[in-house]
Amino acid sequence: MCGICGIYKFDKSEILKNELKVMNETMIFRGPDDDGYFVNNNFGFAMRRLSIIDIQNGKQPIYDETFNYSIILNGEIYNYIELKNELKSQNVKFKTESDTEVLLKSYIYFGDNFIDKINGIFSFCIYDKKKNKVLIFRDRFGVKPLYYLKNDKEFIFSSNLDSILKYKRNLNINYESITSYLSLNYVPNNLSIFSEVNKLLPGCFIKVENNNLTIGRYWSSLSKRFKKKFDYEKIKFLLEDSVKIQSRSDVKIGTFLSGGVDSSILTYLL
């Protein structure tokens, strides 16, 4: 699973590692294998790692050669091998076999539009030290969670609500969310069970630059044109390709087989 968290202080006060540690240690169940921290003045982030790709050298945060760029990732980048080969053809150098490093180098080489090239499930944070810019992205369908809290003094984010609650102890219950949960069995939209905390919606990003925070959308299913005609060969190819790239791993993998048509097809293809 992994888990990420971070703090940005608008009042320019310095981040203490212990502040991040309080948040990060609540997510040990998401990442029992390792942890990592980075602090630079009024910004810092941390992560807990469940090692899947490049077990030995994939420790996070990952930095570029200049240490001007750093990244933490919760998720998997399925097409990281193809992206890595594309970048290598442009003489981009790598020091690990990690998909996380490929994500960082893609941002450095391709710029802000790099996200259009990414195939995966993720919530990740990139810190651009040169521009003092923080970028956070959540995957297109919201497989990986990302919660955030913003007030006049600080911006806080985490993969886990308990992590934010541990840092900000006096959060208020959102009773609208409770009503929704009891009716729907989940909390919809960008709401959470706490009034001060929101979810970053699927296909969206957060950018903090020059003390200004903006939230935007980089992808929407509504922007895509879907053909009504059933194309068996295309669907077969997409399923085979999807299973192939999603089964990349440096540890043993398996499937959850319920016996339905969907899981039976995926298990057969694997």
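Coordinates for the structure precede this section.
Residues numbered from 1 in each chain as written. Predicted model: local features only at pLDDT ≥ 70, side-chain atom pairs only at ≥ 80, totals over all residues. Heavy atoms only, no water.

### Quick look at a nonpolar patch on the surface
- A surface patch of nonpolar side chains, about 680 Å² in accessible area, is lined by F230, Y232, I235, L239, V261, I265 and L266.
- For the nonpolar patch, the elements supplying multiple residues, two or more each, are α6 (232-246) and α7 (261-269).
- Structurally, the position occupied by Y232 is in helix α6. (Patch = residues over 30% accessible without salt bridge, like charges linked within 9 Å, V, L, I, M, F, W, Y side chains within 5 Å. Areas by Shrake-Rupley, 256 points an atom, 1.4 Å probe, with all protein chains shown as cover. Salt bridge = Lys/Arg side-chain N within 4 Å of Asp/Glu carboxyl O. Helix = DSSP H or I, 4+ residues; strand = E, 2+ residues; numbered from the N terminus.)

### Digging into unusual backbone geometry
- For the bond from Q60 to P61, the omega torsion is 0 degrees, close enough to zero to count as cis.
- Phi at N185 takes a positive value of approximately 70 degrees, unusual for a residue other than glycine.
- Within the secondary structure, N185 is located in the loop between α5 (175-184) and β10 (197-199).
- Positive phi values are uncommon outside glycine, yet N189 reaches one of about 55 degrees.
- Relative to the helices and strands, N189 resides in the loop between α5 and β10.
- The exposed category is assigned to N189, whose relative accessible area is 57%. (Buried < 20%, exposed > 50% of the residue type's maximum accessible area, 1.4 Å probe, protein only.)

### Quick notes on the environment of S159
- With respect to the helices and strands, S159 occurs in the loop between β9 (154-158) and α4 (161-167).
- Expressed as a C-alpha distance, the spacing of S159 and E240, which sit 81 residues apart in the sequence, is 30 Å.
- Not counting the four nearest positions on each side in its chain, S159 is found in contact with G3, I4, M27, R30, N74, S123, P145 and Y147. (Contact = heavy atoms within 4.5 Å.)

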